[in-house]
Amino acid sequence: MKNNSEQIKIAVCGHIDHGKSTLIGRLLLDTGSLPEDKIKDLTRIAKDFDEETQLAYLTDQLKEERERNITIETTQIFLKTKKRPYCLIDTPGHLEFIKNMLSGASQAEAALLVVDITEGIQDQTRRHAYLLRFLSLQHIIVIVNKMDVVAYSQEKFQSIENKITELLKNVGLKPQLIIPVSAKLGENICRSSKNIKWYRGPFLTQAMDAIPSNLTPKTSLHDLRLPIQDIYNIEGERIIVGRIAAGRLREGQNVVILPSGTQCKIKAIKSFQQTIKSAAIEENVGLTLMADIPGLQCGNVICAGENPPKNSIRFRGNLIWLHANALTIGQNLKLHCATQTLPCTVTKITERIDPKTLTILENDAQCISENQAGIVKFELLNPALIEKHSAVTELGRFSIENDHGLLGAGTVLENYV
Ligand code: GDP
């Protein structure tokens, strides 16, 4: 998508089977945003090109893509209305994939929370609501889906509308809008529905177009931060790839690579197979360095050479704990921050918090139980670059995992070098 500055990123969340993929497929179809290769695929599979087949095919593709991406990243889908481009971040529904949701929501400015009218609020709807609050995502549009199944009943909608408003209120959120839709039939998605005349609000793309731009500044930093995602060896050349988390990247720029502190110079920058002179925050780039740096690896962060940041050894963060075994003082954990994996120890639990009410349950606690939040001090085993969440979103957000999956997630409030 060309115009990145205008683009709004929206996390799509909700309980499994409530219709996220169908909704995204429908948005792609009805806004005419399908990429060309998908259109070719569609022509191939559906001779008569009927809409239902197209939608089913797209939905399957989205699901497949999601499954393939489970351990890597959330799926990003690009679409465009007449007003501006969007990036939808598809977040899987299962608990063990909340990490993906977190990394998805970390880039999102707004969220769509999909609720199936026949099933109502489910476990995952609740958890996602807490997490949206926790991630400070304030602009939330609730999609009450599958209205066709309940014959577009206003009564049923109102009942669920009240329940959702209450749920969100309990976690400290207020939805911008609650829209009754049928993703499958395209009602109230890109056009208003004749079957839902009692609803007077905007349909989904109108509501999306009304989202204010620059809801959440991604960073207050102008200096370059580029966490290395991968390093490829192509024809003897080392190509480093990553997404810019802060500042600008320029050809010939002096950089410092953390945590080692090695100084270097940017040789060339590539984006979509073209050589470019510079790139800005949020752009995915490939680059080469003037010198071959031994030990350079995924997780290192390329930083501006002027005014370079320092590695941190400790930090204070707020977190939500999602595992049945409580988090305890002295526990050793593996923390993921941007593309880094950081072993660390819990040294203090300053506050234990009820995430539903956001009230402090205990000061100076010994542990944090499942689905509770807290303010925690960590000590890193090896010094590394982390930043305050308010300074660089991407380097100020972390998830905690063990070999079996996600344990918790949080943000950096204060770091100590
Ligand atoms: P996801 O797991 O949240 O991505 O859910 P899917 O998009 O795969 O939808 C789950 C099931 O609900 C599928 O069988 C869809 O065809 C069906 N579905 C989704 N939206 C609608 C809708 O608006 N109306 C009806 N009747 N079925 C729907």
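Residues numbered from 1 in each chain as written. Predicted model: local features only at pLDDT ≥ 70, side-chain atom pairs only at ≥ 80, totals over all residues. Heavy atoms only, no water.

Asks: Describe the sheet that holds strand 2 (residues 75-80), and please don't skip the residues or the numbers.
Replies: In any sheet, the strands associate via hydrogen bonds between backbone groups, in a parallel or an antiparallel arrangement. Across the sheet, six strands lie side by side as 2-3-1-4-5-6; this open sheet has mixed pairing. Two strands close off the open sheet at either side, each with one partner strand: strand 2 and strand 6 (177-180). Between one strand and the next, the sheet's axes are offset by a mean angle of 25°, whatever the strand orientation. Relative to strand 3 (residues 85-90), strand 2 runs antiparallel, the two being bridged by six bridges. When the bridges of strand 3 are listed, Ile77 appears paired with Leu88. Together, strand 1 (8-14), strand 2, strand 3, strand 4 (110-116) and strand 5 (139-145) form the strand contacts of helix 1 (residues 20-30), whose direction differs from that of strand 2 by roughly 35°. Against the sheet, helix 6 (residues 154-170) makes contact with strand 4, strand 5 and strand 6, and its axis sits at roughly 150° relative to strand 6, the strand it touches most. (Pairing = 2+ DSSP bridges. Helix = DSSP H or I, 4+ residues; strand = E, 2+ residues; numbered from the N terminus. Axes fitted to C-alpha atoms, helices over the stretch in contact; angles between N-to-C directions. Contact = heavy atoms within 4.5 Å.)

Asks: Please set out the packing of aromatic side chains residue by residue, giving values where relevant.
Replies: Counted under the stated rule, the structure contains four aromatic pairs. Residues Phe315 and Phe378 carry aromatic rings whose centres are separated by 4.9 Å and whose planes lie at 20° to one another, so their mutual orientation is stacked. With Phe315 in strand 16 (residues 312-321) and Phe378 in strand 22 (residues 373-384), this residue pair connects regions lying 63 residues apart in the sequence. Take Phe315: its relative accessible area is 1%, and that puts it in the buried class. Look at Phe378 and you get buried, because its relative accessible area is 1%. Measuring from centroid to centroid gives 5.8 Å for Phe378 and Phe398, while their planes differ by 75°, and the two rings are edge-to-face. Placement of the pair is Phe378 in strand 22 and Phe398 in strand 23 (residues 397-402), with a sequence separation of 20 residues. (Phe/Tyr/Trp six-rings, centres within 6.5 Å; stacked < 30°, edge-to-face > 60°. Buried < 20%, exposed > 50% of the residue type's maximum accessible area, 1.4 Å probe, protein only.)

Asks: Account for the nonpolar core, naming residues and giving values.
Replies: Core analysis: the largest hydrophobic core is formed by 61 residues, its most contacted members being Ile10, Leu23, Val144, Ile164 and Leu204. Among the nonpolar cores identified, the runner-up in size contains 22 residues, and Leu327, Leu335, Ala365 and Phe398 belong to it. (Core = buried A, V, L, I, M, F, W, Y, C linked by side-chain atoms within 4.5 Å.)

Asks: With reference to specific residues and values, describe the side chain of Asn318.
Replies: One can find Asn318 in strand 16. Within the structure, Asn318 has its side chain in polar contact with the side chain of Thr411 (distance 2.4 Å). (Polar contact = N/O pair within 3.5 Å; in protein donor to acceptor, adjacent residues only side chain to side chain.)

Asks: I'd like a description of the site of the ligand, backed by residues and values.
Replies: Taken together, the neighbourhood of the ligand is formed by 18 residues, with Asp17, Ser21, Thr22, Lys63 and Asp148 sitting nearest. Between Asn145 and the ligand, the recorded distance is 3.0 Å, taken from a side-chain N or O atom to an oxygen atom. Lys146 is positioned with one of its side-chain polar atoms (N or O) 2.9 Å from an oxygen atom of the ligand. Taking 570 Å² as the accessible area of the ligand by itself, protein coverage stands at 80%. With respect to the detected pockets, the ligand is housed in the second largest pocket. For the shell around the ligand, the secondary-structure elements that each account for two or more residues are helix 1 and helix 3 (51-68). Class assignment of the residues belonging to the shell around the ligand gives a composition of three nonpolar, eight polar and seven charged. (Near = heavy atom within 4 Å. Areas by Shrake-Rupley, 256 points an atom, 1.4 Å probe, with all protein chains shown as cover. 1 Å grid on protein atoms, 1.4 Å probe; cavity = no way out; pocket = protein on both sides within 12 Å on 5 of 7 lines; lining within 4 Å. Sits in = over half its atoms within 2 Å of the grid points. Nonpolar A, V, L, I, M, F, W, Y, C, P; charged D, E, K, R; others polar.)

Asks: Tell me about the pattern of salt bridges, and name the residues and values.
Replies: Under the criterion given, the structure shown has 11 salt bridges. Across the salt bridge formed by Asp116 and Lys146, the nearest N and O atoms sit 3.0 Å from each other. One end of the pair, Asp116, is in strand 4; the other, Lys146, is in the loop between strand 5 and helix 6, with 30 residues separating them in the sequence. Between Glu394 and Arg243 there is a salt bridge, with the nearest N and O atoms lying 2.9 Å from each other. Placement of Glu394 in the loop between strand 22 and strand 23 and of Arg243 in strand 8 (residues 237-243) is noted, with a sequence separation of 151 residues between them. (Salt bridge = Lys/Arg side-chain N within 4 Å of Asp/Glu carboxyl O.)

Structural measurements only, silent on function.
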